[in-house]
Amino acid sequence: MPADTPLPDTPYPDTPYPDTPYPDPARRPRPRTGPLAGIRVADFCWMGVGAVATRLLADFGADVIKIENRARLDMPRRLPIYKGDPRSYGDEDPNPDPNKGGLFNNYNRNKLGITLNMRDPRGRELADALIAASSVVSENFALGVMERWGLTYERLQELCPGVIYARMSGFGHSGPYARYRSYGPVVQAVSGLSFISGLPGREPSGWGLSYMDNQAAYYNSAALLMAILHREQTGEGTEIDMAAVEIGISMLGPDLLDASANSRPTRRPDFPTGNRLQYPHAAPHGVYPCAGDDRWVAIAVFDDDEWDRMCKAVGQPEWADEERFASQAARFAAQDELDALLGAWTRERTPHEVMRLLQAAGVRASAVQNAEDLNEHDPQLAERGVFFEMDHPVIGTARFEGQAVLFSGFTPDLWRSAPLLGEDNEHVLTTVLGLSRDEVADLAAEGVI
Amino acid sequence: MWREADAAPGRTPYNGLVVVEVGTDLDGEQTGKLLADLGATVIKVEPPGGSPTRACGPWLGDVEGSETSLAFATYNTSKQSVVLDLPAGLPRLEELVADADVLLCGLQPAALARLGLSYGELVARHPRLVVLSVTPFGLTGPWADYLSSDLVALAAGGPLASCGYDDHTIPPIRPGGNQGFQTSASHAHNGLLLALLQRRRTGRGQIVDVSMHDALAVTGELANPYWFYPRVLLERQTCRHAQPEPTQPALFQCADGNYIYFALVLADQKPWQQLVAWLDSAGVALDLTDPAYGSLPHRQENFAHIQDLIEVFCLLHDADWMYHEGQARGLPIGIVSAPEDLLADAHLRARGYFVGVDLGEAGTVEYPSTPFRFGAFPVPPMRRPPRLGEHTAARLQEP
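Residues numbered from 1 in each chain as written. Chains lettered and ligands numbered in written order. Predicted model: local features only at pLDDT ≥ 70, side-chain atom pairs only at ≥ 80, totals over all residues.

**Some thoughts on the overall build of chain B**
Counting its secondary structure elements, chain B contains 16 helices and 13 strands. Along the longest, intermediate and shortest principal axes, the C-alpha atoms of chain B span 85 × 50 × 45 Å. Across the 399 residues of chain B, 54% fall into the buried class. Long-range pairs, those at least 24 residues apart, make up 65% of the contacts in chain B between residues at least 6 apart in sequence. (Helix = DSSP H or I, 4+ residues; strand = E, 2+ residues; numbered from the N terminus. Buried ≥ 20, exposed ≤ 12 C-beta atoms within 10 Å, placed from the backbone. Contact = placed C-beta atoms within 7 Å.)

Written as structure tokens, this is what we have:
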């Protein structure tokens, strides 16, 4: 038998789909398709990293059951990213509608949603039962929260032999700073990613987004998929301990090896180098002003051929004959002059005009695209269907960020927008845990779910 | 190719997985490194002159050469190197691929056509093969043959627009470390895993088409949702979230000249109380202990004044102290570490994060280990990057 034939004893429970009443029948769960169909995940994740990590599983067929706490709403349910109501995300509505948040919808589509009150022993019993009926458990709480509910890896193995327990945190589950608090920007700062980003001689410009929330999510998805692969090959489950700070450091690149191998500090006057490269000696290599309000174009030239093509494309073939620009090394040394000349040319044009003109000539260039460019005008993203739309009972039609990889063998299974708070309580508790509708109604009345 | 005997409890699932890597840019190289560091056999096919990355500094010991590139050393650990001149060596490439599980390739459609390589025909001939294509814009669409780079990709995909300084006469600034390529590699890793799981179910491989552009377009965090819902664009701000409007600074310089990141969320009561208690313990809380600050509107009205006090407090203390003392008090403060600071970090030491890799004459160099940690199986030791063509003889029989 080849190593990758599914094992006959793959420990996935049967997934029943009876006709639980849903006000809108289109929102009733149905059997899933994709490489992860049949895998049930008891998902305790919240915030960004965890939600994006398990989103990939949900998109490709897993039954991801998101477990929420009514008393402490998931942050993306509260962040004020609403249709027709522009606010900064610090400007929260004190009493938000938990089903209106756009960020939550983007992060949690294709998942089932239930609520559990873990302060009530009956809530914790339901969590145990759900874990026993699943084969993957995921969480990204502060350290000690799962333990407070008794949900250690040892206990999970008792509940669910062969369980995969994915633990996602900022600093990992061991070491002196394990209890430190973090979110994207803190991880970026601590891991060095902020420091290596900026102009020389001033404060770092760092990141204008929680890049590490996304990257840590992607790494946590991969860890989950590796663990699933390992269990299918061997029957063995595992605990996973992923630390976002360590993921960030692993992505610092050659600057770190320069520090470790050459003992060259990055705290030095000429570091970092803004949009210029230290290596290789590309020039011009920068972001240039364009016509319009705060519009820019990125241009990168790595060798003589690209330089010749660029000079012709911008209508300045004589630049290629100038002594000061005669070689890549000369151009690298003369970047200030070069940038001034090129910037004077780009300033008269729109960023997409420059992009089209240079790309047609075989020169690396792109408009600095904003979200409007990506969503309304980018023909490449449109052709590949990167963004998609689904209906939501409160929000209405909404757009989503899709998966960025196209497969010849399958497609994502996009069956429903994000769950309303507790939307699948009855479905999950009756079909997965075998409770009666009356029992579910009692639990709801008593504040257990 | 994977065999039954390769899978065992206590062993990485990539044990026995054979990957042939060819024509890759840094994203494909990073993808291959992720797989190789986690136990796959990754055979990197290089042209006679070596991967272009070998020509890129910085240099080990500041000596330029094909075996001293620290860029190559970063993205090619634990791999094997085979030299093959293409297109002449195409039949021998296919021999390698015939024994492999995965072809990891970075060539764009026009380059594939020039080479005469068709993925469709390749998977037809080798039905269990997974072709993992990692390219700037993907294999389809009007921009499929556009050229790119890390900077160009970050611009096209959107993240660059959110990064830079409050001063908008300064252009958006590219974050360091080739993160466009890193983003693409992360998506490639997940794409391959899904295809390997699917192969277990169907016995068949497939073509996995990874686009750096698509990957970055879904990695902007708030930028797209702010367009999907309120339809507003974000403004870049110095080392903190791009937002619809300017917000208070989050970077504070400390007594030793180093920085911390601290974004005070005024709406949350607990961090506010923790902050005031901290300032008060140092005798610099001034009027912040006034009960009026218990109300959010009052804090919002006086946010600039609060920020001034934090600024002064930071200037009186070193960044390291602010970081650890603040965290001990429950505040999410991050020190802005320089890469060299990390090598001595007590937490990372305790977790055994940095590992020594023997680079030969240069001795042992400290590397960040793969950040994947599983209880059930250890990740194998990281191995040095291969010398150019080091495994040609072992992998390719003479014609």
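**Focus: the overall build of chain A**
Looking only at helices and strands, chain A features 18 helices and 12 strands. Along the first, second and third principal axes, the C-alpha atoms of chain A reach 85 × 55 × 50 Å. When each of the 449 residues of chain A is scored for burial, the buried share is 54%. For chain A, contacts bridging at least 24 residues in sequence account for 68% of all contacts bridging at least 6.

**Things to note about the domain arrangement of chain A**
What the domain assignment lists for chain A is domain 1 (25–249 + 384–445) and domain 2 (285–379). Just the C-alpha atoms count here: the centres of domain 1 of chain A and domain 2 of chain A sit 41 Å apart. (Domains from an automatic or database assignment.)

**Quick notes on the domain arrangement of chain B**
A common way to express how large an interface is: the accessible area buried when the components associate. As assigned here, chain B comprises domain 1 (4–219 + 373–395) and domain 2 (249–253 + 259–335). The centre of domain 1 of chain B, based on its C-alpha atoms, is set 45 Å off from the matching centre of domain 2 of chain B.

**Regarding the sheet that holds strand β11 (residues 334–335) of chain B**
Sheet strands pair by backbone hydrogen bonding; their relative direction is either parallel or antiparallel. Residue and element names in this part refer to chain B. Strand order in this open sheet of three strands is β9-β10-β11, and the pairing throughout is antiparallel. On the outer flanks of this sheet lie β9 (251–253) and β11, each paired with one strand and no other. Bridge count between β9 and strand β10 (residues 259–261): three bridges; the pairing is antiparallel. Residue pairing for β10: Phe252 is matched across the bridge by Ile260. Together, β9 and β10 form the strand contacts of helix α12 (residues 303–315), whose direction differs from that of β9 by roughly 40 degrees. (Pairing = 2+ DSSP bridges. Axes fitted to C-alpha atoms, helices over the stretch in contact; angles between N-to-C directions.)

**Description of the environment of Gly106 of chain B**
Structurally, Gly106 of chain B can be placed in the loop between β4 (102–105) and α4 (109–115). In contact with Gly106 of chain B, not counting residues within four places along its chain, are Gly23, Thr24, Asp25, Gly28, Val134 and Thr135 of chain B.

**Observations concerning the pairing of strand β8 (residues 296–300) of chain A**
Residues and elements named next belong to chain A. For β8, the tally of buried residues reaches five of five residues, placing the bulk of the element in the interior. Here β8 shows two buried faces, one formed by Trp296, Ala298 and Ala300 and the other by Val297 and Ile299. Here strand β7 (residues 285–289) pairs with β8 via five bridges, running antiparallel. Within β8, the position partnered with Pro289 by the bridge is Trp296. Connecting β7 to the antiparallel partner β8 that follows it, the hairpin turn spans six residues, and Gly292 within it adopts a positive phi of roughly 110 degrees.

**Overview of unusual backbone geometry**
With omega at -10 degrees, the peptide bond leading from Phe271 of chain A into Pro272 of chain A counts as cis. Relative to the elements of secondary structure, Pro272 of chain A occurs in the loop between α10 (254–262) and β7. In this structure, the amide linkage connecting Leu86 of chain B to the following residue, Pro87 of chain B, adopts the cis form with an omega of 5 degrees. When you line up the elements, Pro87 of chain B lands in the loop between β3 (80–83) and α3 (90–98). A positive phi is found at Glu221 of chain B, a non-glycine position, where the angle reads about 60 degrees. Structurally, Glu221 of chain B can be placed in the loop between α8 (212–217) and α9 (223–228). For Glu221 of chain B, a count of 28 C-beta atoms within 10 Å gives the class buried. The residue Leu286 of chain B is not glycine, and still its phi comes out positive at about 45 degrees. Here Leu286 of chain B lies in the loop between α10 (269–281) and α11 (296–301).

**Comments concerning the confidence of the model for chain B**
Per-residue confidence for chain B averages 96 on the pLDDT scale, and 99% of its residues sit at or above 70. Two summary scores accompany this predicted model of the complex, namely pTM at 0.97 and ipTM at 0.98. (pLDDT = per-residue confidence, 0-100.)

**Remarks on α10 of chain B**
Residues and elements named next belong to chain B. Over its 13 residues, α10 runs 18 Å from end to end, which matches the ideal 18 Å to within 8%, given 1.5 Å per residue. Of all the positions in α10, only Pro271, Leu275 and Trp278 are classed as buried. Seen end-on, α10 carries its buried residues on one side only, within an arc spanning 65 degrees. Among the exposed residues of α10, those pointing more than 90 degrees away from its buried face are Gln269, Lys270, Ala277 and Ser281. (Expected span 1.5 Å × (residues − 1). Arc of directions from axis to C-beta.)

**Structural notes on the sheet that holds strand β6 (residues 207–211) of chain B**
What the seven strands build is an open sheet, ordered β12(A)-β6(B)-β5(B)-β4(B)-β1(B)-β2(B)-β3(B); its pairing is mixed. In this open sheet, the two edge strands, each paired with only one partner strand, are β12 (405–407) of chain A together with β3 of chain B. Across the sheet, the mean angle from the axis of one strand to that of its neighbour is 20 degrees, orientation sign disregarded. As paired elements, strand β5 (residues 130–135) of chain B and β6 of chain B share five bridges and run parallel to each other. Each residue of the ladder has a partner; that of Thr135 of chain B, found in β6 of chain B, is Ser211 of chain B.

**Re the packing of helix α1 (residues 26–37) of chain B against helix α7 (residues 179–202) of chain B**
Residues and elements named next belong to chain B. It is the contact of α1 with α7, at a shortest axis distance of 8 Å, that shows an interaxial angle of 45 degrees. With respect to each other, α1 and α7 are oriented oblique. In terms of crossing hand, the pair formed by α1 and α7 is right-handed. Of the residues in α7, those touching α1 at Leu26, Asp27, Gln30, Thr31 and Leu34 are Phe181, Gln182, Ser184, Ala185, Ala188 and His189. (Parallel < 35°, antiparallel > 145°, perpendicular 65-115°, else oblique. Left-handed = near helix turned anticlockwise from the far one by under 90°.)

**A few points about the interface of chain A and chain B**
Across the contact, 140 residues belong to chain A and 140 residues belong to chain B. When grouped by side-chain class, the residues that make up the side of chain A that touches chain B number 73 nonpolar, 45 polar and 22 charged. Pairing of β12 of chain A with β6 of chain B involves three bridges; the strand directions are antiparallel. Opposite Phe407 of chain A, over in β6 of chain B, you have Val208 of chain B as the bridge partner. (Nonpolar A, V, L, I, M, F, W, Y, C, P; charged D, E, K, R; others polar.)

**Structural notes on the packing of helix α1 (residues 49–59) of chain A against helix α8 (residues 211–234) of chain A**
All names here are of chain A. Orientation of α1 relative to α8, taken along the N-to-C sense of each, is 45 degrees, at an axis distance of 8 Å. Considering their axes alone, α1 and α8 lie oblique with respect to each other. Classified by chirality, the crossing of α8 by α1 is right-handed. Here α1 contributes Val49, Val52, Ala53, Leu56 and Leu57 to the contact with α8, which in turn contributes Asp213, Asn214, Ala216, Ala217, Asn220, Ser221 and Leu224. Grouping the constituent residues of the contact of α1 with α8 by class yields eight nonpolar, three polar and one charged.

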